[in-house]
Amino acid sequence: MAVNKAGIMKIEDKVALCSIKHHKDSHIQLDEEACKNCETKICVISCPAHLYTIEPESGKLKVDHTGCLECGTCKIICPKRAVTWKYPEPGFGIYYRYG
Ligand code: SF4
Ligand code: SF4
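Cut-offs used in this document
- Residues numbered from 1 in each chain as written.
- Chains lettered and ligands numbered in written order.
- Predicted model: local features only at pLDDT ≥ 70, side-chain atom pairs only at ≥ 80, totals over all residues.
- Heavy atoms only, no water.
- Near = heavy atom within 4 Å.
- Nonpolar A, V, L, I, M, F, W, Y, C, P; charged D, E, K, R; others polar.
- Phe/Tyr/Trp six-rings, centres within 6.5 Å; stacked < 30°, edge-to-face > 60°.
- Buried < 20%, exposed > 50% of the residue type's maximum accessible area, 1.4 Å probe, protein only.
- Lys NZ or Arg CZ within 6 Å of the ring centre and 35° of its normal.
- Helix = DSSP H or I, 4+ residues; strand = E, 2+ residues; numbered from the N terminus.
- Contact = heavy atoms within 4.5 Å.
- Polar contact = N/O pair within 3.5 Å; in protein donor to acceptor, adjacent residues only side chain to side chain.
- Core = buried A, V, L, I, M, F, W, Y, C linked by side-chain atoms within 4.5 Å.
- Salt bridge = Lys/Arg side-chain N within 4 Å of Asp/Glu carboxyl O.

A. Structural view of the site of ligand 2. Around ligand 2 lies a shell of 13 residues, among which Cys-47, Cys-68, Cys-71, Gly-72 and Cys-74 are the nearest. Looking at the shell around ligand 2 residue by residue, the class counts come to 10 nonpolar, two polar and one charged.

B. Region of the structure containing the packing of aromatic side chains. A complete count under the given rule lists one aromatic pair for this structure. Pairing Trp-85 with Tyr-87 gives two aromatic rings, centres 5.0 Å apart and planes at 75 degrees, and the pair type is edge-to-face. Looking at Tyr-87, the relative accessible area reads 56%, which means it is exposed. A cation sits over an aromatic face here: Lys-21 above Phe-92, 5.1 Å from the ring centre.

C. Broad picture of the site of ligand 1. In the region of ligand 1, the neighbouring residues are Cys-35, Cys-38, Lys-41, Ile-42, Cys-43, Leu-61, Cys-78, Pro-79, Lys-80, Ala-82 and Val-83. For the shell around ligand 1, the per-class residue count stands at nine nonpolar, no polar and two charged.

D. Region of interest: the environment of Pro-48. Within the secondary structure layout, Pro-48 lies in the loop between helix H3 (42-46) and strand S3 (52-54). Note on Pro-48: relative accessible area 34%, which makes it partly exposed. Along the backbone, Pro-48 and Glu-12 are 36 residues apart, and their C-alpha atoms lie at a distance of 9.0 Å. Pro-48 has contacts with Leu-69 and Cys-71, leaving out every residue within four places of it along the chain.

E. A look at the environment of Ser-58. As for its position among the elements, Ser-58 is in the loop between S3 and strand S4 (61-63). A polar contact is formed between the side chain of Ser-58 and the side chain of Glu-55, at a distance of 2.7 Å.

F. Representation of the nonpolar core. Residues Ile-28, Tyr-52, Val-83 and Trp-85 are the most contacted members of the largest nonpolar core, which totals 14 residues. Contributing elements (two or more residues each) for this core: helix H2 (32-36) and strand S5 (83-85). Excluding anything up to four places from it in sequence, Trp-85 contacts His-27, Ile-28, Cys-68, Glu-70, Cys-74 and Lys-75.

G. Main features of the pattern of salt bridges. Summed over the entire model, instances satisfying the criterion amount to four salt bridges. Ionic pairing is found between Lys-36 and Glu-33, a salt bridge with its closest N-O pair at 3.4 Å. Taken together, the positions of Lys-36 and Glu-33, both in helix H2 and three residues apart, correspond to about one turn of that helix. Residue classification places Glu-33 among the partly exposed residues on the basis of a relative accessible area of 48%. As a salt-bridge pair, Lys-62 and Glu-55 come within 3.6 Å of each other at their nearest N and O atoms.

Written out as structure tokens, the structure is:
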């Protein structure tokens, strides 16, 4: 187990211990119009799993639900309330094997 000098694991190492069974349908929906006009795009830097990205050609925001840690940060932090987020269907989603 990789820990720092204080005996604390890095977030990347903790995430690597998780198991995710993802549903084919996304549990995260975005208001595309709101996102298009969003100046901060704060979701991109706030998601701990780096699931929000901006397509280089179109500039369109995308979210990859398959790696979601179910932390809820994107829903809470969005200044335009553009994220509709619900827990994945029963039997799907993240399984924390450590902690
Ligand atoms: S989800 Fe929220 S923070 Fe992210 S681009 Fe859309 S409006 Fe902006
Ligand atoms: S709930 Fe957390 S991990 Fe999932 S997309 Fe939102 S910020 Fe990322």
